[in-house]
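Listed below are the residues making up each chain.
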Number of protein chains: 2
Amino acid sequence: MLYFIGLGLADERDITVAGLEIVRRAERVYLESYTSLLLVPQTTLETFYNRPIILADRELVESASTTILADAATTDIAFLVVGDPFGATTHTDLLLRAREQNIPTRTIHNASIMNAIGACGLQLYNFGQTVSMVFFTDNWRPESWYEKVKQNADIGLHTLVLLDIKVKEQDWDAIARGAKGAKQYKPPRFMTVAECASQMVEVAERRKKEEGEETCYDGDSLAVGVARLGSKEQKIVAGRLSELVDVDMGKPLHSLVLMGKRVHELEIDFVREFAVDKESFDESVKKGGYGTTA
Amino acid sequence: MLYFIGLGLADERDITVAGLEIVRRAERVYLESYTSLLLVPQTTLETFYNRPIILADRELVESASTTILADAATTDIAFLVVGDPFGATTHTDLLLRAREQNIPTRTIHNASIMNAIGACGLQLYNFGQTVSMVFFTDNWRPESWYEKVKQNADIGLHTLVLLDIKVKEQDWDAIARGAKGAKQYKPPRFMTVAECASQMVEVAERRKKEEGEETCYDGDSLAVGVARLGSKEQKIVAGRLSELVDVDMGKPLHSLVLMGKRVHELEIDFVREFAVDKESFDESVKKGGYGTTA
């Protein structure tokens, strides 16, 4: 049996009891290591599970999935995924390959940012589609997410923005110098709430200025930044995008929610507690017409 | 400290290791018992946790929250919620009351239908807002959910439909006969995928016929029914709404997803495996133009 096991959000104790039982008895234990990261190192997991873990990077999962699936028809293989296993398409692909080979599979679900974001006080059923924000570079500043944010905003919904994670990013300078193995890669990078807010404001301003567009949000729009959700060091901050640009949320992982206008009074009350500046928050709620749409 | 602890979806082993540790040491353990249900009885939880559980119905949480919060500033109180704690507004309310009294709180997240639904093969980031479907009665057949389904459908997104649960429903006949205590209530009722599909088809037909509306879906639209998600007895069935009307998904809990047209090929491949009738499914994909929108 191939088990897809969600690890939840923060540390080694966020695995479920059912998940832990499987990890402890499985023949091989893989940890998917490129779509997200736990807030503790691999060794902490290995000590707690009392099992060695094989790190499964994108290459291994996509090109050598036969290695992962070997013997899975007759023994138990655990494939660990941070959050819930079905956040990312790649695992779907592995599941479909297992199915083709008639390998039975089972999923042990867990919390992921997609549902735990409710902790920020905005109700899950008021969220529209989720978007991803990548690191802008000098010549690649994609705005494809904007249309989706606009579709959500047009019907008053919140948008969860998932922030870029660069793991195993190739370091072309080092490679040119002849670097091999781990040295070919840059250290991991995680987008911060401030970086995301800044990119969002930049895009809105560009569209206004260069295209005369009436954008679906601007620097005055309200948003909520979350960091290390689900951990003891969780931090939640609410404010205008222009305020979040200057907020230091500390260590990864970060996410951001752009508030929709069809927000309930109870949601506003809850989020207000996290405001950078409560007066500015109240003013933005009023000026922006938050909570007045049915 | 007041701990909100998610129990996940299916049975006593779906609690996280962190959650279990808190339950075992908490002064009092409450189980929220009216927005959702686990698939195992309370006694199974009590045996596994080795702790007595106080059932917290809506009344207790809403009117007697001081009982729940008593001593929470100095001792540990565990408030257990099926799924993740922030699926329902009522828990938000309890959290806000705790805050007012300066009681520290922490949330132990877990899987809920809102993220585990990804197991049906439809990608979470392609879902729009979530809607709820209540049991229609002779004189109450609300259609307020339809507008939200339409908003999602208009931009090609999937809609998760959460199905009605009637727990502690007052039995007016029994009350009239002088029933007291537990006898005042009807046995719990859970809406099935078939009932939901049937109500959805009815509403589309009514709107077509009585209002000449070009509805955003009809009996030929594709949907996915899930039952007992996350448990070993999980069942997933895909097909036209008109097909799902006749499908018996077995014991609770059930949910339904109405497929959006902006569906990825990989999602279609995945969902197809669950089709009641693969030929009919392929035909519906083609005729309905699923996956052709960008």
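Every value quoted in this text rests on a predicted model; they were computed, and no experiment measured them.

Concerning empty space enclosed by the protein
Okay, step 1: Inspection of every chain in the model, using the stated rule, returns three cavities of 30 Å³ or more.
Okay, step 2: Taken as a whole, the largest cavity holds about 220 Å³ of empty space.
Okay, step 3: The residue inventory of the lining of the largest cavity, partitioned by class, reads ten nonpolar, five polar and no charged.
Okay, step 4: Roughly 60 Å³ of internal volume is contained in the second largest cavity.
Okay, step 5: Along the walls of the second largest cavity sit Arg106(A), Thr107(A), Ile108(A), His109(A), Gly8(B), Leu9(B), Asp14(B), Asn110(B), Ala111(B) and Gly230(B), which together make up its complete lining.
Okay, step 6: When the residues that make up the lining of the second largest cavity are grouped by side-chain class, the tally is three nonpolar, five polar and two charged.

Some details on the relation of the copies chain A and chain B
Between the two copies of the chain lies a rotation about an axis combined with a shift along it.
Okay, step 1: Rotating chain A by 180 degrees about the axis while translating it 0.0 Å along that axis superimposes it on chain B, leaving an RMSD of 0.0 Å. When the rotation and shift are considered jointly, the pair of chain copies conforms to a two-fold rotation axis.
Okay, step 2: Looking at the interface residues of chain A, 100% of them are also at the interface in chain B, so both copies use one shared face.

Remarks on the pattern of salt bridges
Okay, step 1: In this structure the tally under the stated criterion is 39 salt bridges over all chains.
Okay, step 2: Between Lys166(A) and Asp164(A) there is a salt bridge, with its nearest N and O atoms 3.9 Å apart.
Okay, step 3: We note a salt bridge from Arg206(B) to Glu210(B), for which the minimum N-O separation is 3.0 Å. Here the residue Arg206(B) and the residue Glu210(B) both occupy positions in helix α9 (residues 193-211), the gap between them amounting to four residues, near one helical turn.
Okay, step 4: Overall, the relative accessible area of 24% leaves Arg206(B) in the partly exposed class.
Okay, step 5: Residue class for Glu210(B) comes out exposed when judged on its relative accessible area of 57%.
Okay, step 6: One connected set of salt bridges, linked through shared partners, spans Glu143(A), Arg206(A), Arg207(A), Glu210(A), Glu211(A) and Glu213(A).

Details of helix α11 (residues 265-272) of chain A
Okay, step 1: What α11(A) keeps buried is the set Glu267(A), Ile268(A), Phe270(A) and Val271(A). Mapping the buried residues of α11(A) onto a view down its axis gives an arc of 165 degrees, with all of them on the same face.

Let's talk about the sheet that holds strand β2 (residues 28-32) of chain B
Residues and elements named next belong to chain B.
Okay, step 1: Overall, parallel pairing links the five strands, which are arranged β3-β2-β4-β1-β5 in an open sheet. In this open sheet, the two edge strands, each paired with only one partner strand, are β3 (54-56) and β5 (105-108). Taken pair by pair, the neighbouring strands of this sheet meet at an average axis angle of 25 degrees, ignoring direction.
Okay, step 2: Set on the sheet, helix α1 (residues 17-25) makes contact with β1 (2-6), β2, β4 (77-81) and β5; between it and β1 the angle comes to about 135 degrees.

Examining the sheet that holds strand β10 (residues 222-227) of chain B
Residue and element names in this part refer to chain B.
Okay, step 1: Taken in spatial order, the five strands line up as β6-β7-β12-β10-β11 in an open sheet, and their pairing is mixed. The open sheet has two edge strands with one neighbour each: β6 (131-133) and β11 (235-240). Strand after strand, the sheet turns through a mean of 25 degrees between neighbouring axes, direction not considered.
Okay, step 2: As paired strands, β10 and β11 are joined by six bridges and run antiparallel to one another. The residue bridging Val 226 from the neighbouring strand is Ile 236, located in β11.

Details of the UniProt feature "binding site: S-adenosyl-L-methionine" (unreviewed entry) in chain A
Residues and elements named next belong to chain A.
Okay, step 1: According to UniProt, the "binding site: S-adenosyl-L-methionine" (unreviewed entry) feature falls on Leu 9, Asp 84, Gly 87, Ser 112, Ile 113, Leu 163, Leu 229 and His 254.
Okay, step 2: Assignment of secondary structure puts Ile 113 in helix α6 (residues 113-116).
Okay, step 3: Discounting chain neighbours no more than four positions away, the residues touching Ile 113 are Leu 9, Leu 160, Leu 162, Val 226, Leu 229 and Ser 255.
Okay, step 4: By the element assignment, Leu 229 lies in the loop between β10 (222-227) and β11 (235-240).
Okay, step 5: When its relative accessible area of 7% is taken as the criterion, Leu 229 is described as buried.
Okay, step 6: Not counting residues within four places of it along the chain, the set of residues in contact with Leu 229 comprises Leu 9, Ile 113, Ala 116, Ile 117, Ala 119 and Gln 234.

Points about the interface of chain A and chain B
When the parts of a complex come together, some accessible area is lost, and that lost area is often used as the size of the interface.
Okay, step 1: Contact residues are listed per partner, giving 49 residues for chain A and 49 residues for chain B.
Okay, step 2: Of the roughly 4,300 Å² buried at the junction of chain A and chain B (both faces included), carbon and sulfur atoms supply 59%.
Okay, step 3: In terms of surface lost to chain B, no three residues of chain A exceed Val17(A), His109(A) and Phe270(A), which account for 13% of the buried area on that side.
Okay, step 4: Taken together, the connections running from chain A to chain B amount to four salt bridges.

Considerations on the nonpolar core
Okay, step 1: Ranked by internal contacts, the top residues of the largest apolar core, which has 95 residues, are Phe79(A) and Phe79(B).
Okay, step 2: Once residues within four sequence positions are removed from consideration, Phe79(A) is found in contact with Leu2(A), Tyr3(A), Phe4(A), Ile5(A), Tyr30(A), Glu32(A), Ala56(A), Val61(A), Ile68(A), His91(A) and Leu94(A).

Conventions and cut-offs
- Residues numbered from 1 in each chain as written.
- Chains lettered and ligands numbered in written order.
- Predicted model: local features only at pLDDT ≥ 70, side-chain atom pairs only at ≥ 80, totals over all residues.
- Heavy atoms only, no water.
- 1 Å grid on protein atoms, 1.4 Å probe; cavity = no way out; pocket = protein on both sides within 12 Å on 5 of 7 lines; lining within 4 Å.
- Points joined across faces, edges and corners; volume = space filled by probe spheres on them.
- Nonpolar A, V, L, I, M, F, W, Y, C, P; charged D, E, K, R; others polar.
- Least-squares fit on C-alpha atoms with pLDDT ≥ 70 in both.
- Contact = heavy atoms within 4.5 Å.
- Salt bridge = Lys/Arg side-chain N within 4 Å of Asp/Glu carboxyl O.
- Helix = DSSP H or I, 4+ residues; strand = E, 2+ residues; numbered from the N terminus.
- Buried < 20%, exposed > 50% of the residue type's maximum accessible area, 1.4 Å probe, protein only.
- Arc of directions from axis to C-beta.
- Pairing = 2+ DSSP bridges.
- Axes fitted to C-alpha atoms, helices over the stretch in contact; angles between N-to-C directions.
- UniProt positions renumbered as here; feature names shortened; annotations may be inferred.
- Buried area = accessible area lost by both parts, 1.4 Å probe.
- Core = buried A, V, L, I, M, F, W, Y, C linked by side-chain atoms within 4.5 Å.

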